[in-house]
Amino acid sequence: MNRIAGKPRDDSLIEVQCGGEDNNGCQLESFAEEVPGNGHNGSESSSSCVDLAVSLHSSRSSVSVCVECERECSQHHNESIHQLSSVSGVDKQQQSKDSVFFRDGVRRIDFVLSYYMDEKDKDADKKQERRKVYEAKLQECGLELETEDKSESEDGRTCYVKIHAPWEVLATYAEILKIKVPFKVNDIPDHRDMPLSWLCTPFRLPTHVMHPEPDFFTSPFDKSKVDFFLIDNKDTFFPPSTRNRIVYYILSRCAYQNTASQQNDKKGIKRLLNNGTYTAAFPLHDCRYWTQSRDPNCENERYSLYRYWAQFFRFYKEQPLDRIRNYYGEKIGIYFAWLGFYTEMLFYAALVGLFCFIYAVTTYDQSVWSKEICSENIGGQIVMCPLCDKKCGYWKLNSTCNSTWQSHLFDNVGTVFFAVFMAIWVTLFLELWKRRQARLEYEWDLVDFEEEQQQLQLRPEYEIKCQKRRLNRITQEMELVLDRSTADWVGKLCICWSTVVLWIALIIASIIGVIAYRLAVYAAFASAMRDSPTNKIQLVGSVITPQLATSVTASCINFVIIMILNFFYERVAIWITDLEIPKTHLEYENRLTVKMFLFQFVNYYSSCFYVAFFKGKFVGYPGDYAYMFNNKWSGLRNEECDPGGCLIELTTQLVIVMTGKQAWGNIQEALVPWMKNWWVSRSARNHPESLYSRWEQDHDLQNFSQLGLFYEYLEMVIQFGFITLFVASFPLAPLLALLNNILEVRVDAWKLTTQFRRPIAAKAHSIGAWEEILHMIAVFSVVTNAFIVAFTSDMIPRLVYLYAYHPGNEPTMQGYINNSLSIFNISQIPMDNQPEAGENPGWFNSSDITTCRYRDYRYPPGHEKEYSHTMQFWHIIAAKLAFIIIMEHVAFLVKFFVAWLIPDVPSDVKARVRRERYLIQEYLQKYELEKLKVQLSVNNGACTCDAPHPTACTPVDPRL
């Protein structure tokens, strides 16, 4: 597979080819750009991996050394080889197998492949041939392999191939991948001391845990300038996360077919895993998580992470992000940095939300309208019209006393304040995260990562389909291009997005089904609870009403439907994204993110949108009720809200879906992997450390897929939507999210450290497309909360009554309930809407009670505008629209001002970036000057043994 890799000193374009047609192995191809008049026609010249290895060995020294130096280096080299030979003779039976090194105890295991030897498999011979060719080509690429026979495995049928990347391979691909390495210790003092920082001391981890290494200035690795960088030990210069990333890069592009039968798509470890040639491919954890390794050369990073990070009783401690990044890679490190920052910010939102809830509780007795509803003299004398046809009887207003008090907890003046506060909070969260992310980009060497790595992040699946090359006008380098016709592109685009639309339509259909359930079942609950049989239930019996029972059961059914649709759509979304053949890993994740979030947005939030903005808004009135599908014969009359409003039902829906999803997510993330691992490793659980090998222990763990982080982000972003889009209905939502996230951080850390194989390290400079989605939710949340306060809660009607329609001269809320209920003549109710015989309560006497009340603003019977909307109704509508406009403008103005006020990149980070770029130029210039002086002195016949640059007598690594 061809791979653009950058420019060497002759300005030609280097390309790594694994399993090329010319040499059956990895190749380095040189492409010269076609320039008019230079006499080059763009032909390719190839050299085998063997030749490449020789050239790599010979390129270690960029200048000549004197004869004395060569003799000394040669002597040291021979001694190293002798030492390695003696080490490799270690008796395997006496050596502990819980090690991350080859049998010689020197070469580190960077990757492990496993496969089953099953004689009953009809394709066993084909798989064996693929493995033989593939492993031969890996060796041609410079990798070193060591096989563990099935007879030495715990199950007696699994073979393991251990892979080691020697220095020359690591150095070559580090240059190709433009991996940044240190060249100077950071000399800029850190002045980030916070005032009152001593208050945070209980939450801090020890310095050696938080910052295991000093801070360095870094530069992209250049193999021709090895002595420019701070290399103390070549064996440990590249951390294990970088080593496994390089090895996986090679594994993903190496062919497994011979030249005679080779096809362009017969490449990569992914295809070998899919067709069963190998059963697993993974890097190793460095030790057991609960104890340190006996090997003195082991870093024990996994043990440190478990001890300081992955235990729940550490929930109040900060996260060791540098250690996470060093062990798992930048992509996972960025996720935990974002999750930790999000949890920190949730603390402030939860605190304000709790204060708003406490305010509602303390003003419980000041709610005049609630007292009127519960009063026997007011609410007990108001007869309400039936809430459904035939099966619902007349009822008294004070029967909703409990739900009215519950509504007051979430429908009060504090609701408006909290909605405005959350609009500011979400802006602060996003802007401050940009600053934290910018700091991490610098500290983790991710500045300019996107531009530098765009071509180096090509997906092997894309490269397989590419048959042509073209000149990139920006980089002036040849790049792979997918030859796709317009018809093929349009066809796949239509298939992909029509599938998304179809599934969204399926969600809407399921929501309509749940609405139909609510309408049909409400009548059954109303009939069953007519004589209040639920009062016999202890504790909660008195609060169970037909409305509450319908809302709770419908929410639970909706949650089950949500989880079922999620299960199937996840697989469909991956399938249609694969059809599109995205070019880079970043593009693949972004496309999948858009499809998944669009579906999840409709799936999780549609029921809340129904309760918030549709329920009770299109009801009609007793003489002219509205029905589902505008069809009276369906018998499904549109739902009405309680006299206390629909906000309490929105709160119920939100709590059930949000908490249910979080609980189910934690079960899936923690309990399921633990049970699978327990079952798989049950026979090897009591093996001593010396027999249960490190690769077998990790093989028995669960695989952390490349989309593992995707689902973690999706879970948190959906939660973010719950606490922002509908927070006006439930101020305690941030508190629930905070409690869940405190657990989530440690659960994710625990499962990643103890239950999953070590993920393949990957780089990422940001949270990707999720950042744009968060911004979209933040803007949309201002609109939804404004509409919730205006149309779902009763805040605006109460204010209009207080200031415009109150009785007397002093503003008062007395009489509000009577004012908000319209009157209807019972004799005018159609027979289809009348309760059946026996459905009315015993106190109802049709001869004495001639009118009933309903929730609306309409003229009473006998008025010249009988049953039409009153002027107060239009005043309330105008006030609601005015409130929405004012709240949105104020919130957006504050949001944009805060975003403008807070710079995206801290000033000290900007200074460090400029300082690093300056030092790179300065040190490179000095390096080249010293190098030139050495070359000139050598050419003049002088010995340069004592010259500080650029080469010292470094012994050749005997493993090479």
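What you see is a predicted model, and the numbers here were worked out from it, not measured in a lab.

Novice: Explain the overall build of the protein chain here, please?
Specialist: The helix and strand inventory of the protein chain stands at 28 helices and 17 strands. Taken over 960 residues, the protein chain has a buried fraction of 53%. Taking the intrachain contacts of the protein chain between residues at least 6 apart in sequence as the baseline, contacts between residues at least 24 apart amount to 77%. A total of about 44,400 Å² of accessible surface is found on the protein chain, and carbon and sulfur atoms cover 58% of it.

Novice: Explanation requested: the nonpolar core in the structure shown.
Specialist: One recurring pattern in soluble globular proteins is that nonpolar side chains are buried together. Counting residues in hydrophobic clusters, the biggest one holds 140 residues, and the most contacted among them are W338, Y342, W425, F429, Y605, F722 and W770. Among the elements that make up this core, the one with the highest residue count is helix 11 (residues 330–362) (17 residues). Once residues lying within four places of it in the same chain are set aside, the contact partners of Y605 are Q600, V717, I718, G721, F722, L725 and F726. Within the second largest apolar cluster, 49 residues are counted, among which are F217, V226, V247 and V909.

Novice: Just checking my understanding: could you explain the packing of helix 13 (residues 401–410) against helix 20 (residues 647–680) for this structure?
Specialist: Helix packing for two helices is described by the angle between their axes and how far apart those axes are. Relative orientation of the contacting elements helix 13 and helix 20 amounts to 75 degrees, with a least axis distance of 8 Å. Taken together, the axes of helix 13 and helix 20 lie roughly perpendicular to each other. On helix 20, the residues that touch Q406, S407 and F410 of helix 13 are L647, I648 and T651. Within the contact of helix 13 with helix 20, the residues separate by chemical class into three nonpolar, three polar and no charged.

Novice: What is the right way to read the sheet that holds strand 6 (residues 158–164) from this model?
Specialist: The pairing of strands in a sheet happens through backbone hydrogen bonds and is either parallel or antiparallel. Taken in spatial order, the four strands of this open sheet run 5-6-4-9, and their pairing is antiparallel. Two strands close off the open sheet at either side, each with one partner strand: strand 5 (144–148) and strand 9 (280–282). Adjacent strand axes in the sheet meet at a mean angle of 15 degrees when their direction is disregarded. Strands strand 4 (111–116), strand 5 and strand 6 of the sheet are contacted by helix 3 (residues 124–140), whose axis makes an angle of about 165 degrees with strand 4.

Novice: Just to check I follow, could you spell out the packing of helix 25 (residues 795–805) against helix 27 (residues 871–901) for this structure?
Specialist: At a closest axis distance of 9 Å, the pairing of helix 25 and helix 27 adopts a crossing angle of 120 degrees. One way to sum up the angle between helix 25 and helix 27 is to call them oblique. The handedness of the crossing between helix 25 and helix 27 comes out as right-handed. Counted together, I796, P797, V800 and Y805 of helix 25 and M871, Q872, H875, I876, A879, K880 and F883 of helix 27 form the full contact between these two elements.

Novice: What am I meant to see in the environment of H863 here?
Specialist: As for its placement among the helices and strands, H863 is situated in the loop between strand 17 (851–855) and helix 27. According to the relative accessible area criterion, H863 is partly exposed, its value standing at 33%. At 3.0 Å, the side chain of H863 forms a polar contact with the backbone nitrogen of K865.

Novice: How should I be thinking about helix 25 in this particular structure?
Specialist: The periodicity of an α-helix, 3.6 residues per turn, causes residues three or four places apart in sequence to face the same way. Along helix 25, the residues classified as buried are M795, I796, P797, R798, V800, Y801 and L802. Looking at the packing, one finds that the buried side of helix 25 touches helix 12 (368–374), helix 14 (413–443), helix 24 (769–792), helix 26 (816–820) and helix 27.

Novice: What is the right way to read unusual backbone geometry from this model?
Specialist: At N300, a position not held by glycine, the phi torsion is positive, near 60 degrees. With respect to the helices, strands and loops of the structure, N300 is situated in the loop between strand 9 and helix 9 (301–308).

Novice: What's the story with the state of the cysteines in this structure? I'm lost.
Specialist: A covalent bond between the sulfur atoms of two cysteines is what we call a disulfide. What the rule picks out here adds up to three disulfides. Put simply, C385 and C852 are joined by a disulfide, and their sulfur atoms are 1.9 Å apart. What sets the handedness of the C385 and C852 disulfide is the S-S torsion sign, and at about 85 degrees it is right-handed. With C385 in the loop between strand 10 (383–384) and strand 11 (395–396) and C852 in strand 17, this residue pair connects regions lying 467 residues apart in the sequence. Through a disulfide, C388 is tied to C392; the S-S separation comes to 1.6 Å. Its S-S torsion of approximately 95 degrees makes the covalent link between C388 and C392 right-handed. Owing to a relative accessible area of 6%, C388 belongs among the buried residues under this scheme. Relative accessible area serves as the criterion here: at 4%, C392 is assigned to the buried category. C287 takes part in no disulfide bond, and the closest cysteine sulfur to it belongs to C298, at a distance of 4.9 Å.

Novice: Teacher, can you tell me more about the pattern of salt bridges here?
Specialist: Pairing is possible between side chains of opposite charge, provided their charged atoms come close. Here the structure, examined in full by the defined rule, presents 37 salt bridges. In this structure, K331 and E589 form a salt bridge, with 2.2 Å as the shortest nitrogen-oxygen distance. One end of the pair, K331, is in helix 11; the other, E589, is in helix 19 (residues 585–613), with 258 residues separating them in the sequence. Relative accessible area serves as the criterion here: at 22%, E589 is assigned to the partly exposed category. Residue K751 pairs with D748 through a salt bridge whose shortest N-O separation is 3.6 Å. Highlighted residues: K751 and D748, both in helix 23 (residues 733–755), separated by three residues, approximately one helical turn. Comparing K751 with D748 shows no difference in burial state: the two are buried. Through salt bridges with shared partners, one network takes in R103, E146, E148 and K162.

Novice: What's the story with the environment of V619 in this structure? I'm lost.
Specialist: Residue position: V619 is located in the loop between helix 19 and strand 14 (620–621). V619 sits 18 residues away from R637 along the chain, and the two C-alpha atoms are 7.8 Å apart. Discounting chain neighbours no more than four positions away, the residues touching V619 are D624, Y625, A626, N638, E639 and E640.

The rules we used
Residues numbered from 1 in each chain as written. Predicted model: local features only at pLDDT ≥ 70, side-chain atom pairs only at ≥ 80, totals over all residues. Heavy atoms only, no water. Helix = DSSP H or I, 4+ residues; strand = E, 2+ residues; numbered from the N terminus. Buried < 20%, exposed > 50% of the residue type's maximum accessible area, 1.4 Å probe, protein only. Contact = heavy atoms within 4.5 Å. Areas by Shrake-Rupley, 256 points an atom, 1.4 Å probe, with all protein chains shown as cover. Core = buried A, V, L, I, M, F, W, Y, C linked by side-chain atoms within 4.5 Å. Axes fitted to C-alpha atoms, helices over the stretch in contact; angles between N-to-C directions. Parallel < 35°, antiparallel > 145°, perpendicular 65-115°, else oblique. Nonpolar A, V, L, I, M, F, W, Y, C, P; charged D, E, K, R; others polar. Pairing = 2+ DSSP bridges. Left-handed = near helix turned anticlockwise from the far one by under 90°. Polar contact = N/O pair within 3.5 Å; in protein donor to acceptor, adjacent residues only side chain to side chain. Disulfide = S-S within 2.5 Å. Salt bridge = Lys/Arg side-chain N within 4 Å of Asp/Glu carboxyl O.

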